[in-house]
Amino acid sequence: GVLWDLESPPVCLTVGPGPIRTLLSLEDAVWASCGPRVSVLEATTLQPQVLPYPLACGPGGLPPCC
């Protein structure tokens, strides 16, 4: 499919409580960080993906176990 259709109207998504600080396109997903939250969206549909594990970060962006 076509990922970017310049003829279509833009789509506005809410992924968290504030502005998106970081966007990462990785394989078939778009990762968006917004405040303390990371959302993973299906690249072609922009629907949220359900991950098999929780995403959590401690101070400095490190996993809480480190």
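Residues numbered from 1 in each chain as written. Predicted model: local features only at pLDDT ≥ 70, side-chain atom pairs only at ≥ 80, totals over all residues. Heavy atoms only, no water.

- By the naming in an unreviewed UniProt entry, the protein chain goes by Guanine nucleotide exchange factor 10-like protein and is assigned to Saguinus oedipus.

**As for the pairing of strand β1 (residues 22–26)**
1) Next: Examined bridge by bridge, β1 and strand β2 (residues 29–34) share five bridges and lie antiparallel to one another. Across the sheet, the residue bridging to Thr-22 is Ser-33, located in β2.
2) Next: Where β1 folds back onto β2 in an antiparallel hairpin, the turn is made up of two residues, including Glu-27, whose phi is positive at roughly 55°. (Pairing = 2+ DSSP bridges. Helix = DSSP H or I, 4+ residues; strand = E, 2+ residues; numbered from the N terminus.)

**Structural notes on the environment of Val-38**
1) Next: Following the sequence through the fold, Val-38 ends up in strand β3 (residues 37–42).
2) Next: In this structure the C-alpha to C-alpha distance between Val-38 and Leu-23, which are 15 residues apart in sequence, comes to 9.7 Å.

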